[in-house]
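Chains, contacts and geometry: an overview
Residue strings, one per chain:
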Amino acid sequence: MTLVLGMELPALLTGLGAMICLTAAPMCRDRQAILLVQIAAGVFFAAHYALLGIAVAALANLLGLVQTGAALFAGRSAAMTRLGYALIAAMVLCGLVFWQGPISALSVIALSLLALGRMQTNELHLRLLLLAGGFFWILHDFIGGAWIALAADIGAFTTGIAALFTMLVRVTIEWRPAATAGMPAAA
């Protein structure tokens, strides 16, 4: 059964799962939670692309899953840190091997920025690099016509901006009782 978007139900559902996870990841409060939700998004995207028959994208997402797993343990293990950075180089190499023109450049830049962001232990640096990578994915998916991925990237970028704003800007709301008539106002 082909749905309105021209996809089979499993491909549509995995794409929607990826969209939900990718959009939710920036809303997480700490690095570990962000990375765990990104792992879930990567699993959904790998399955989505595999179901669509786009093997290179499915394999790239699997490589991203391994890199995200290494990033989870990078702060505690020098070997995982080295593996995480080595996988960034592997992602760039894959992009060059499967080069398809300017759209490939966008995906290589996006993958590299996201992977580099995941390796950061500083949450601000993590969020800034994820936003930068997300911007390049938005361009990539718009040019490539990957509409579910584009919606997911726009959602992640929007929630990422909101999360960064709440991280950097604090608003305090203070209740002050109204001055009563006949009583002098406090100075």
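This report concerns the structure included in the present document. (Residues numbered from 1 in each chain as written. Predicted model: local features only at pLDDT ≥ 70, side-chain atom pairs only at ≥ 80, totals over all residues. Heavy atoms only, no water.)

1. Here we look at the nonpolar core
To keep things clear, this is the line we draw: Joining through side-chain atoms within 4.5 Å is the link that ties buried Ala, Val, Leu, Ile, Met, Phe, Trp, Tyr and Cys residues into a set, and such a set is a nonpolar core. Exposure is judged per residue with a 1.4 Å probe applied to protein chains only, and the accessible area is read against the type maximum: over 50% gives exposed, under 20% gives buried, and values in between give partly exposed. Segments assigned H or I by DSSP are reported as helices when at least four residues long, segments assigned E as strands when at least two residues long, and all are numbered from the N terminus. Contacts between residues were defined by any pair of non-hydrogen atoms, one from each residue, lying within 4.5 Å.
Core analysis: the largest hydrophobic core is formed by 18 residues, its most contacted members being I34, M91, M119, L130 and W137. Listed by contribution, the elements that provide at least two residues to this core are α2 (31-51), α3 (55-73), α4 (78-97), α5 (102-118) and α6 (123-144). A per-element tally of this core places α5 first, with four residues. Once residues within four sequence positions are removed from consideration, M91 is found in contact with L63, G64, Q67, L111, A115 and R118. Ranked by size, the runner-up nonpolar core spans 16 residues in total, among them A11, A18, A57 and A152.

2. Structural notes on the side chain of D141
Basically, it comes down to this: Positive charges come from Lys and Arg alone, negative charges from Asp and Glu alone, with His and the N- and C-terminal ends not counted. By definition here, a salt bridge exists when the distance from a side-chain nitrogen of Lys or Arg to a carboxyl oxygen of Asp or Glu is within 4 Å.
Mapping D141 onto the fold places it in helix α6. Although D141 lies buried, it forms no salt bridge, and the closest oppositely charged side chain, R118, sits 13 Å away as judged by the N-O distance. Sequence-distant contacts of D141, defined by excluding residues within four places in its chain, comprise A146, A149, L150 and D153.

3. Some details on the pattern of salt bridges
The final tally for this structure, using the stated rule, is two salt bridges. Note that E123 is salt-bridged to R127, the shortest N-O span being 2.9 Å. You can see E123 and its partner R127 sitting in helix α6, four residues apart, about one turn around the helix. We classify R127 as buried; its relative accessible area is 7%.

4. Focus on the environment of G15
Mapped onto the secondary structure, G15 falls in helix α1 (residues 9-24). Placed 151 residues apart in sequence, G15 and T166 show a C-alpha to C-alpha distance of 28 Å.

5. Regarding a nonpolar patch on the surface
The line we're drawing: Residues enter patches when they are more than 30% accessible in relative terms and free of salt bridges; like-charged ones are connected within 9 Å and nonpolar ones (Val, Leu, Ile, Met, Phe, Trp, Tyr) within 5 Å. Per-residue and other accessible areas follow the Shrake-Rupley method at a 1.4 Å probe size, with only the shown protein chains counted as cover for residues.
A surface patch of nonpolar side chains, amounting to about 560 Å² of accessible area, comprises F135, L139, F142, I143 and W147. The element best represented in the nonpolar patch is α6, accounting for four residues. By secondary structure assignment, the location of W147 is in helix α7 (residues 147-168). Relative accessible area serves as the criterion here: at 55%, W147 is assigned to the exposed category.

6. A few points about the packing of α4 against α5
Under the convention used in this document: Axes here refer to lines fitted to C-alpha atoms; in helices the fit is confined to the stretch in contact. Angles between the N-to-C directions go from 0 to 180 degrees. Small angles under 35 degrees read as roughly parallel and large ones over 145 as roughly antiparallel, with 65 to 115 read as roughly perpendicular and the rest as oblique. In this classification, Asp, Glu, Lys and Arg are treated as charged, Ala, Val, Leu, Ile, Met, Phe, Trp, Tyr, Cys and Pro as nonpolar, and every other residue, Gly included, as polar.
Where α4 meets α5, the axes come as close as 9 Å, and the angle between the chain directions of the two elements is 175 degrees. Overall, the two elements α4 and α5 adopt an arrangement that is roughly antiparallel. From α4, Y85, I88, M91, V92 and G95 reach across to α5, where they touch S104, V108, L111, S112, A115, L116 and R118. The residue inventory of the contact of α4 with α5, partitioned by class, reads eight nonpolar, three polar and one charged.

Nothing here speaks to function; it is all geometry.
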